[in-house]
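Spelled out from the first residue to the last, the chains are:
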Amino acid sequence: LMRGRILVEIRRFFFERDFIEAETPIVVACPGMEPNLDPFRTEVKEMDGVGHPAFLITSPECSLKKLLAGGLEKVFEITKCFRNREPWSGQAGDEGGRHNPEFTMIEWYRAGTDYTVLMEDTESLVSTVVTNVLGRPHCSRTTWQGIPIDFSAPWPRLSVAEAFQQYARIDLLTGIDNPDQFRSVAAKKGIEVSENDLINDVFFRIFLQDIEPKLGMPSTEGEVARPVILYDYPKSMAALARLKPEDERLAERFEVYCCGLELGNAFSELTDAKEQRHRLEEEQAERQRLGKAILPIDEQFLEAVGTMPESAGIAFGLDRLVMLLTDSRDIRDVLFFPAEDLFM
């Protein structure tokens, strides 16, 4: 019941702001290229039996950007997404029951804006939905797993470099410029590293151990939790994002966390098709390094990138928002048919 009410309020939020709701393909010829993701494979067959390799989307991002290139200025979608070879809820590696191979994503895009506008969108969307769904006028507070949360805007904002300094006592920006030193500092903290590790490998080990569990958590006992916006990631972790003009080691990307739970991932969008091709080719090479399948580049997407206006977009996890608002620790509690009921 709560899930249905949340969906109603999300749509109301976007319609009141003149967004257009889109329906984009779930079966595509070219999935996302992210090295850490594995798409589901399938095949589309013509009447004569000729088959075409196909995939289920990991995100509707590429299709929605094609709509931006086609002239839509404010567009959103609520859709199913699919990611293979990830830990299911309750399995090793899925701390807290946060993953299901099929899940629901909200994505929205604005032309003529950057990621700071999306930060304000996200704060407003969540606080509005919380207030309306819980039926507490002018109050966007709730409790999750015994932790009181205040969703009212504005939310605290923390750069990735500040988070590394605050929670891990590591100078991230120096590490970006000196990978050997970064690996050495991580090793001294008990992080497993090897000389073949790239910056990203070490980054995520530190992040998952020392930083992510503390994001959006109360800093002291009895304090109220607040969602936090974590912004300005190293450019190697934002293949679809615009670089920061003031420091091109960083990209205009942010993520939203609450009680250690990642809720959303956003960018100021890259609009340089040549640079986008280069970054996708780098991701292909990284997939090869990791022993993963090499995926095709979407040429229509590259064409769209070259004609898109300046814009920003975000992917936000519906299931995890429902978890927070229903005091559910496990994603299975907010899905009608979790994967383990179907396959185990």
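Source: prediction; values computed, not measured.

**Some words on the nonpolar core**
One finds Ile6, Ile10, Phe14, Trp108 and Phe254 to be the most contacted residues of the largest nonpolar core, which totals 43 residues. Per-element tally for this core: the top contributor is helix 3 (residues 115-134), with 8 residues. Phenylalanine 254 has contacts with Tyr115, Leu118, Met119, Thr122, Ile229, Leu230, Tyr231, Tyr233, Gly264, Asn265, Ala266 and Ile314, leaving out every residue within four places of it along the chain. Counting residues in each nonpolar core, the second largest holds 24 residues, with Ile170, Ile176, Val202 and Leu230 among its members.

**Description of helix 10 (residues 318-325)**
Here helix 10 lies mainly inside the structure; 8 of its 8 residues are buried. When helix 10 is considered as a whole, its buried residues turn out to be Leu318, Asp319, Arg320, Leu321, Val322, Met323, Leu324 and Leu325. Positive phi appears at aspartate 327, one or two residues downstream of helix 10, with a value of about 55°.

**Considerations on the sheet that holds strand 2 (residues 27-28)**
Across the sheet, which stays open at both edges, the 3 strands sit in the order 2-4-3 with antiparallel pairing between neighbours. Of all strands in the sheet, those with a lone pairing partner are strand 2 and strand 3 (41-45), marking the two edges.

**Digging into a nonpolar patch on the surface**
A surface patch of nonpolar side chains, about 720 Å² in accessible area, is lined by Phe336, Phe337, Leu342, Phe343 and Met344. Tracing the backbone shows leucine 342 in helix 11 (residues 339-343).

Definitions and limits used
- Residues numbered from 1 in each chain as written.
- Predicted model: local features only at pLDDT ≥ 70, side-chain atom pairs only at ≥ 80, totals over all residues.
- Heavy atoms only, no water.
- Core = buried A, V, L, I, M, F, W, Y, C linked by side-chain atoms within 4.5 Å.
- Buried < 20%, exposed > 50% of the residue type's maximum accessible area, 1.4 Å probe, protein only.
- Helix = DSSP H or I, 4+ residues; strand = E, 2+ residues; numbered from the N terminus.
- Contact = heavy atoms within 4.5 Å.
- Pairing = 2+ DSSP bridges.
- Patch = residues over 30% accessible without salt bridge, like charges linked within 9 Å, V, L, I, M, F, W, Y side chains within 5 Å.
- Areas by Shrake-Rupley, 256 points an atom, 1.4 Å probe, with all protein chains shown as cover.
- Salt bridge = Lys/Arg side-chain N within 4 Å of Asp/Glu carboxyl O.

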